[in-house]
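A closer look at the structure
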Amino acid sequence: MTTPNAITGLLPEGLSDRLPPAAEASAHLARSVLDTVAAHGYARVMPPIAEFEETLTQRLKSARAQDLLRAVDPLSQRTLAIRPDMTAQVGRIAATRLAAAARPLRLSYGGPVLKLRANQLRPEREQLQVGAELIGTDSVAAAVEIVNVAIEALQAAGVTGITIDFTLPDLIDTLAAGPMPLSDTEREAVRSELDAKDAGALVALGTGPAAYLPLIEAAGPFHAAMDRLEAIDAATGDGQLASRIAALRAIAKPIGWDITLTLDPTERHGFEYQSWFGFSIFAEGFVGEIGRGGSYAILRSDGSEEPAIGFSLYPDPLIDAGFGAMPVRRLFLPLGHDAARAKALRAEGWRTVAALSDADDGAALGCSHWLDGDAARGY
Ligand SMILES: N[C@@H](Cc1c[nH]c[nH+]1)C(=O)O
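Calculation criteria
- Residues numbered from 1 in each chain as written.
- Predicted model: local features only at pLDDT ≥ 70, side-chain atom pairs only at ≥ 80, totals over all residues.
- Heavy atoms only, no water.
- Core = buried A, V, L, I, M, F, W, Y, C linked by side-chain atoms within 4.5 Å.
- Buried < 20%, exposed > 50% of the residue type's maximum accessible area, 1.4 Å probe, protein only.
- Helix = DSSP H or I, 4+ residues; strand = E, 2+ residues; numbered from the N terminus.
- Phe/Tyr/Trp six-rings, centres within 6.5 Å; stacked < 30°, edge-to-face > 60°.
- Lys NZ or Arg CZ within 6 Å of the ring centre and 35° of its normal.
- Near = heavy atom within 4 Å.
- Polar contact = N/O pair within 3.5 Å; in protein donor to acceptor, adjacent residues only side chain to side chain.
- Areas by Shrake-Rupley, 256 points an atom, 1.4 Å probe, with all protein chains shown as cover.
- Nonpolar A, V, L, I, M, F, W, Y, C, P; charged D, E, K, R; others polar.
- Salt bridge = Lys/Arg side-chain N within 4 Å of Asp/Glu carboxyl O.

Named according to an unreviewed UniProt entry, the protein is ATP phosphoribosyltransferase regulatory subunit originating from Sphingobium algorifonticola.

Written as structure tokens, this is what we have:
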């Protein structure tokens with residue numbers, strides 16, 4: 001007979017517990033990011049963990065029905081989904097309950113999100129997401145603010161070796177509809193070959209698709225890649241890209257020398273609903289992105305669109321690596337200790353662990369010190 005999960009404590013794949021001290025480090029890191037964005041005027045919202053499936057998937061322009069963890073709600077008889085991303089929820093709040101609030105509207109959020117499938121880079125399906133959204137504009141000034149607040153939030157949390165990889169999520173669509181025409185099927189094929197950076201396969205698609213070949217080269221360290229992108233724009237003789245190029249340069253300009261900038265103009269992995277501008281955030285020593293952001297459009301109930309821009313951080317790998325950990329001083333209080341002295345020590349930042357019986361062992365309970373009369377003594 002197999003043991004029921006209720007007894008083994010087995011959790012579903014990709015879901016796990018955070019134990020001490022990582023659970024507290026996680027809360028501390030999230031607090032640090034939220035405090036940084038709050039200092040820049042972003043006010044926190046707390047959307048629910050689940051909502052009607054269509055409100056999660058239809059609020060942002062170009063968002064496709066995603067892989068969602070769904071359940072039929074016995075109360076409403078409607079399909080609910082657990083949020084895989086909070087940006088659409090913030091968009092819903094901005095478009096409905098905060099529709100009359102002054103723009104630009106700055107909102108922040110933090111909480112768990114659930115991805116239906118884990119990937120090899122991130123086996124966890126539940127992830128902490130902390131971010132900020134600037135609603136009412138997706139101007140260059142807004143992009144400068146969002147990128148810099150994201151960097152500041154990570155730096156305040158102690159992260160170093162940050163790389164920002166810029167992308168132009170709707171670049172292929174813009175070029176295909178203008179100077180470098182493609183049919184719909186060609187466009188999909190060009191996208192996947194550019195994703196794979198497969199020059200041979202791109203050329204084999206025909207002359208229309210082959211025109212996109214130079215874009216493979218326009219990836220890498222920011223300034224060199226930007227020069228190549230400019231050359232592509234000049235060669236198509238169209239200047240369609242000129243405003244995007246100028247915008248990217250303006251966004252890059254105020255970013256500190258200690259941040260590495262790269263450009264991957266056709267990167268679209270993870271940029272499902274972002275429009276003219278997107279960026280991924282990497283940190284040295286971590287595989288895969290630790291954050292992502294960009295411009296997008298929120299659909300209002302009357303069918304009109306509102307521009308917005310924001311970023312989300314996924315700090316779990318940072319927490320696993322020890323970021324957010326706080327040095328704590330734990331003080332064991334033996335039976336019969338001086339309660340007033342213990343209270344005073346707590347006010348000084350000590351964490352106290354009071355004995356409940358003679359059998360309690362402070363050192364075994366993780367205390368570094370014990371209260372001996374008035375004094376804290378090390379074990
Ligand atoms: N929520 C997006 C990033 C984003 C925030 N705002 C705009 N884009 C993500 O997690 O991929």
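Regarding the nonpolar core
Burial of nonpolar side chains together is a common tendency in soluble globular proteins. If you look at the biggest cluster of nonpolar residues, it comprises 66 residues, and the most contacted ones within it are F166, Y212, F277 and F279. Broken down by element, the residue count for this core peaks at nine residues, all from helix α5 (residues 140-156). Counting 18 residues, the second largest nonpolar core, distinct from the first, contains M86, V113, Y273 and Y314.

Focus: the packing of aromatic side chains
Scanning all chains against the criterion turns up six aromatic pairs. Here F166 and F277 contribute two aromatic rings whose centre-to-centre distance is 5.7 Å and whose plane-to-plane angle is 35°, an arrangement assigned as tilted. Of the two residues, F166 sits in strand β7 (residues 162-167) while F277 sits in the loop between β9 (260-263) and β10 (278-283), which places them 111 residues apart along the sequence. When sorted by exposure, F166 lands in the same class as F277, which is buried. Ring centres of Y273 and Y296 lie 5.8 Å apart, and the angle between their planes is 75°; on these two criteria the pair is classed as edge-to-face. Taken as a pair, Y273 in the loop between β9 and β10 and Y296 in strand β11 (residues 291-299) lie far apart in primary sequence, 23 residues in all. The class for Y273 is buried, based on a relative accessible area of 10%. Three or more aromatic residues link up through ring pairs in this structure, and these residues are F166, F222, W276, F277 and F279. Sitting above the plane of the F52 ring, R78 keeps its charged end 3.6 Å from the centroid.

A short note on the site of the ligand
Of all residues adjacent to the ligand, which total 14 residues, the nearest are D85, T87, E133, R292 and Y314. Y273 places a side-chain nitrogen or oxygen 3.0 Å from a nitrogen atom of the ligand. Take R292: an N or O atom from its side chain is 2.6 Å from an oxygen atom of the ligand. A total of 300 Å² of accessible area belongs to the ligand in isolation, and the protein chains cover 97% of it. Residue assignment for the shell around the ligand shows that the elements contributing at least two residues are β6 (126-135), β11 and β12 (305-313). Here the shell around the ligand takes four residues from β11, the largest share from any one element. Class assignment of the residues belonging to the shell around the ligand gives a composition of four nonpolar, seven polar and three charged.

With respect to the pattern of salt bridges
The full count for this structure, using the stated rule, is 23 salt bridges. In this structure, the salt-bridge partner of R268 is D195, at a minimum N-O distance of 2.7 Å. One end of the pair, R268, is in the loop between β9 and β10; the other, D195, is in helix α7 (residues 184-196), with 73 residues separating them in the sequence. Judged by relative accessible area, which is 27%, R268 ranks as partly exposed. Taking relative accessible area as the criterion, D195 reaches 36% and is therefore assigned partly exposed. In the salt-bridge network here, residues are joined through shared partners; they are D173, D184, R187, E188 and R191.

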